[in-house]
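Spelled out from the first residue to the last, the chains are:
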Amino acid sequence: MNAVGTPVTRVDGPAKVTGAARYSAEISLPGMTYLAVVGATIASGRVTAIDAEAARAAEGVLAVLTPEDLPKIAAEPHLLPSLVGGPAPGESFFPMQDDIVQYAGQPVALVIAEEYEQAHHAASLVRISYQPTRSVTTIEQGRDQAYEADRLFGGLMPARSERGDVEAGLAGADVRVEVAYKMAANHHNPIEAPSTVATWDGGNLTLYESTQGIRATQQTVALLLGLPIARVRVITRFVGGGFGAKAMVWPNVTLTAMAARHIGRPVKLMLTRPQMFTSNGHREEQEQRITLGAARDGRLTAIRHEKLSITSPFDDWAEPATGVSSQLYGCQNYLGIHRLIKGNTMTPTFTRGPGESLGVFTLETAMDELAYQLAIDPVELRLRNHTPVDPFGNPWSSDGLMECLRLGAERFGWSERNPAPRATQDGEWLIGTGVASAAYPIAFFMPPQRARARIFADGSAIVQTSTQEFGTGVLTMATQVGADALGVALRDMEFQAGDSDLPNSTAAVGSAGAGMVSSAVHAAGTALREQLIALAVGDEKSPLHGAGPASVNVADGHLTSAERPGAVDTYRELLSRNHMSDAEALGTWRPPPLDTPHGLLTFGAQFAEVAVDPELGLVRVRRLNGAFAPGRVLNPLLAHSQLMGGMLWGMSQALLEGNHMDPRYGRWAETNLAEYLVPVNADAPDVHVDFVDVNDELVGPLGAKGVGEIGQVGVAAAIANAVFHATGRRVRSLPMAPELVMDPAAGGQ
Amino acid sequence: MTTVEAATTEVPLQINGRRHVVVLEPRVSLLDALREHLDLTGSKKGCDQGTCGSCTVWIDGRRVLACLTLAAAASGHEIVTIEGLADGDQLHPMQRAFIEYDAFQCGYCTSGQIMSAVKVIEEGNAGTDEDIGEFMSGNICRCAAYPNIRAAIRHVRDAAGGRS
């Protein structure tokens, strides 16, 4: 009886519905103190004076730290994505080392007090004088300083992608389509604010941290404080959402450790909601432009894809937007470039569906315009451009795009669609439907992943690795995988994570978590099973003595062999006979090499139906249907939830979420959940998810390609295409706020 | 600049049927009193501004945002938090339904969702999906488990014999 593939409810469900699950700010330690961070109110310039007298005199205040009081960091941080497996600072910058202000909200002073209220009150008493200089925080302000980036992601990836001759391909095309969009900045806004509890024991530091990467946190803090990695332990029981905000390691973590060392007591920091807009990165303000060339039959002859965005003063960061547009469809001539403007913001960062969700938005709205121009059905146009190989001629590790488009179209009732824009009405509402392909790259930048499996004399078992639960369901999924690999019942298996002392697991980002963790856990469970089978067949007292190890099957802790009909041994009896109180094994999964001769994308297709109020510009999403081919589905209940959540994120990206800089002051206009819109229950329609079965033998022993991002990708395009179908107008900005749907000219075209 | 000396006082609080006396400054919110002084961390701090609903508790049987309620103002009233919802090891039907319908992912907003969900039915605001959506819109779920939250509420509503 296999546990993998069954809809097991969350193993952490009872803890989460009773309030018993502890998140990082909910750790209580004797002598706990509270940290409040004072952020800069200017975007660029210098701190000329800090008057902390009143704050220091306030009741309960233990210390006010300014750059003068704070020790220097031991090494300069260099941004590198946490998926690489090493130190992963979110920006190549550490605050409070001098008097320079690089962005608004940058920490400039710290207050530590006995009580939470005392710390925050005293923080309001710190008087800071500034000498501001001119800041650049919007594309409009910096457009003339734009430059083409050479490499992205701390040098990890080239910023330019080119093949064939795109200009010749466009010149020779029968038809051309050019689209351009402005996209507002997005903020992750997990409901749990980034939280840290830091406590020192001699030279050993323990951090209770809300992170998507406990080993990345451990290594980053060790680097910045000049500590051996072995002296830093990171514990993360539960994380209240990440979405990329907690994928990298931001300065507040190390600052909390410094504060705790300074006063010699445990320190707790929970960022405020407004601080979350300036403390953990964001999806950068950007513009994208795509030019398509196609033959009369719809086949693409050229794609030119350009992105322009704002980065920080210290990093060439852009969410890579061309990974999908360069590969999704067969096309000989391609050019993708990223142009950047250095601005006074913190370094932007991964935000769910990083880069490709907006890259695919641009590509897939352009494809919709091409379909109209050629009078080809949009689903058919995509099918015609399907390619079985990536741009290097390598076959996909697994495909499924055509099946997703066909299945999604069938479930959605696409064939009944009248393609004419502004032709369908329901009372006052204009009705439209739209489609988009979805794809998301799979990246194997991670080092080997390890897990440990251990079985005890009573037959109960654990499997451990240093990952963390932030809502993906990893605790449940890994329990299922571990039980099957070892050959025990689900009730006898417990998966343990959330501690950097456990075997290595890399940060769960870019939809890589399920693949990495399931592969390592599978390896550990399998190694222990093989060890125990070898023990049994070599044990003279075992009913299976002398049987071929490969003939032995284990289920529910019972060992049987086709070579010994009727003979049964059990793990319990085996351990007992051999005077063993336990047995354990380490398992390692090595990712495929980066130059594996395979195309690596996860595929899907999105369908949306919208109703538009033409007078108010309101867009209501009536239906969202997604069909996805994510490889092996480890737990359909949890995979459905991940994909559903991603699709609603895509809806939010299309219609709700966007922040703008006030160019006069270089500060975000929206810094709370009343102004920065995220979906509430009434915004969210029911969502339909279908799976397309594909077998993928490359991505790991279980063939899981991940479901964290793919649900989001393509949704915004399907909705935008549906809005066009409903209204006959293209809205050229995201989010498609009512005032823009009402009057597209207000979008700043 | 003068600083306000915030004298502490003893604040009796009746929580989940038990009487607690906490020594607090008058400015301490009910949410911080629960989380930082009573180690009742099931009620979550999401925004501290009354916008997200993750701190939802019941005061005298009504759903209330604990972050916008001073602890001192809750003194003398019956407070119920997520920790008081189950009957010993026996989960409340809404807690069971949230697990069964996978009505959460990260779990951080879940306490507030459940405290609201139980009341939405009692208030008579769970008659239709539209009603549930509207009257649950004070509780943000960033993982966007909303369709599953509605399913869990429907299940409890219908299991209760169609009362709404």
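Residues numbered from 1 in each chain as written. Chains lettered and ligands numbered in written order. Predicted model: local features only at pLDDT ≥ 70, side-chain atom pairs only at ≥ 80, totals over all residues.

Attention now goes to the pairing of strand 13 (residues 204–209) of chain A. All names here are of chain A. Within strand 13, five of the six residues are buried, which leaves the element mostly enclosed by the surrounding structure. Pairing between strand 12 (residues 195–201) and strand 13: six bridges, direction antiparallel. Bridge pairing links Thr196 to Glu209 in strand 13. The hairpin turn running from strand 12 into strand 13, its antiparallel successor, is two residues long, and Gly202 in that turn takes a positive phi close to 60°. Sheet analysis places strand 13 next to strand 14 (residues 232–235), joined by four bridges and oriented parallel. Bridge pairing links Leu205 to Val232 in strand 14. In this region the chain leaves strand 13, passes through helix 6 (residues 214–225) and returns to the parallel neighbour strand 14; the handedness of that crossover is right-handed. (Buried ≥ 20, exposed ≤ 12 C-beta atoms within 10 Å, placed from the backbone. Helix = DSSP H or I, 4+ residues; strand = E, 2+ residues; numbered from the N terminus. Pairing = 2+ DSSP bridges. Right-handed = clockwise from strand over helix to strand, strands pointing away.)

Residues and elements named next belong to chain B. If you check the domain split of chain B, you get domain 1 (9–84) and domain 2 (93–159). Spacing between the C-alpha centres of domain 1 and domain 2 amounts to 21 Å. Take the side of domain 1 that touches domain 2: its biggest share by element is three residues, from strand 3 (residues 56–59). (Domains from an automatic or database assignment.)

The interface is formed by 53 residues belonging to chain B together with 51 residues belonging to chain A. Broken down by secondary-structure element, the contributors of at least two residues to the side of chain B that touches chain A are helix 1 (30–37), helix 3 (93–100), helix 4 (110–122), helix 5 (129–135) and helix 6 (146–159) of chain B. Across the side of chain B that touches chain A, the residue classes break down as 23 nonpolar, 16 polar and 14 charged. (Contact = placed C-beta atoms within 7 Å. Nonpolar A, V, L, I, M, F, W, Y, C, P; charged D, E, K, R; others polar.)

Turning next to unusual backbone geometry. Residues and elements named next belong to chain A. Cis geometry marks the peptide bond from Leu734 to Pro735, where omega comes out at -5°. Inspection of the secondary structure assignment puts Pro735 in the loop between strand 33 (733–734) and helix 16 (738–742). Positive phi values are uncommon outside glycine, yet Asn189 reaches one of about 50°. Mapped onto the fold, Asn189 is located in the loop between strand 11 (175–183) and strand 12. A count of 24 C-beta atoms within 10 Å places Asn189 in the buried class.

Residues and elements named next belong to chain A. With respect to the helices, strands and loops of the structure, Met32 is situated in the loop between helix 1 (13–18) and strand 1 (33–39). Of the residues examined, Met32 has 17 C-beta atoms within 10 Å and is grouped as partly exposed. Distance in space between the C-alpha atoms of Met32 and Val267 is 5.8 Å, their sequence separation being 235 residues. Leave out the neighbours within four places in its chain, and Met32 touches Pro266 and Lys268.

Reports of interface size often rely on the accessible area that becomes lost once the parts have come together. All names here are of chain A. Its domain assignment divides chain A into domain 1 (13–134 + 191–241 + 246–277), domain 2 (145–186 + 283–443 + 596–747) and domain 3 (449–589). For domain 1 versus domain 2, the separation of C-alpha centres amounts to 35 Å. With 19 residues of domain 1 in contact, the opposing surface of domain 2 contributes 21 residues.

Another aspect to go through is the packing of helix 6 of chain A against helix 7 (residues 251–263) of chain A. Residue and element names in this part refer to chain A. In contact at an axis separation of 10 Å, helix 6 and helix 7 are set at 60° when each is read in the N-to-C sense. Here helix 6 lies oblique to helix 7, going by the angle between them. Read as a crossing pair, helix 6 and helix 7 show a hand that is right-handed. On helix 7, the residues that touch Thr217, Val221, Leu224 and Leu225 of helix 6 are Val253, Thr254 and Ala257. Tallied by class, the residues present in the contact of helix 6 with helix 7 amount to five nonpolar, two polar and no charged. (Axes fitted to C-alpha atoms, helices over the stretch in contact; angles between N-to-C directions. Parallel < 35°, antiparallel > 145°, perpendicular 65-115°, else oblique. Left-handed = near helix turned anticlockwise from the far one by under 90°.)

The subject of this paragraph is the UniProt feature "domain: Aldehyde oxidase/xanthine dehydrogenase a/b hammerhead" (unreviewed entry) in chain A. Following the UniProt record, one finds the feature "domain: Aldehyde oxidase/xanthine dehydrogenase a/b hammerhead" (unreviewed entry) at residues 18–134 of chain A. Between the first and last C-alpha atoms of residues 18–134 of chain A the distance is 51 Å; the span itself is 14% helix and 29% strand. (UniProt positions renumbered as here; feature names shortened; annotations may be inferred.)

All right, on to the environment of A:Ala63 then. All names here are of chain A. In this fold, Ala63 is placed in strand 3 (residues 61–65). On the basis of neighbour counts, which here come to 18 C-beta atoms within 10 Å, the residue Ala63 falls in the partly exposed class. Sequence spacing of Ala63 and Ala113 is 50 residues, and the spatial spacing of their C-alpha atoms is 7.0 Å. Once residues lying within four places of it in the same chain are set aside, the contact partners of Ala63 are Ile112, His262 and Ile263.

What follows deals with the sheet that holds strand 4 (residues 62–65) of chain B. All names here are of chain B. Pairing within the open sheet is mixed, and its five strands lie in the order 2-1-5-3-4. Edge positions in the open sheet fall to strand 2 (18–24) and strand 4, since each of these has one partner strand only. The sheet shows a mean angle of 45° between the axes of neighbouring strands, direction not considered. Relative to strand 5 (residues 78–80), strand 3 runs antiparallel, the two being bridged by two bridges. Each bridged residue has a counterpart across the sheet, and for Ile59 the counterpart in strand 5 is Ile79. Lying on the sheet, helix 4 is in contact with strand 3 and strand 4; it crosses strand 3 at an angle near 45°.

With that settled, the discussion passes to the packing of helix 8 (residues 356–374) of chain A against helix 15 (residues 715–727) of chain A. Residues and elements named next belong to chain A. Closest axis-to-axis distance for the helix 8/helix 15 pair is 8 Å, and the angle between their directions is 35°. In the packing of helix 8 onto helix 15, the handedness of the crossing is right-handed. Residue-level inspection shows Ser357, Val360, Phe361, Glu364, Thr365 and Asp368 of helix 8 in contact with helix 15, the latter providing Ala716, Ala717, Ala720, Asn721 and Phe724. A breakdown of the residues in the contact of helix 8 with helix 15 according to their chemical character gives six nonpolar, three polar and two charged.

Right, let's talk about helix 3 of chain B for a bit. Among the residues of helix 3 of chain B, those classed as buried are B:Met94, B:Gln95, B:Arg96, B:Ala97 and B:Phe98. Packed against the buried residues of helix 3 of chain B are helix 1 of chain A together with helix 4 and helix 6 of chain B. Looking one or two residues beyond helix 3 of chain B, the residue adopting positive phi is B:Asp102, at roughly 50°.

This part is about the sheet that holds strand 6 (residues 127–132) of chain A. Residues and elements named next belong to chain A. Spatially, 4-2-6 is the arrangement adopted by the three strands of the open sheet, whose pairing is antiparallel. The sheet is open, and its two edges are formed by strand 4 (100–101) and strand 6, each paired on a single side. Bridging between strand 2 (residues 45–51) and strand 6 involves six bridges; their strand directions are antiparallel. Residue Ile50 lies in a different strand from strand 6, and its bridge partner there is Ile128.

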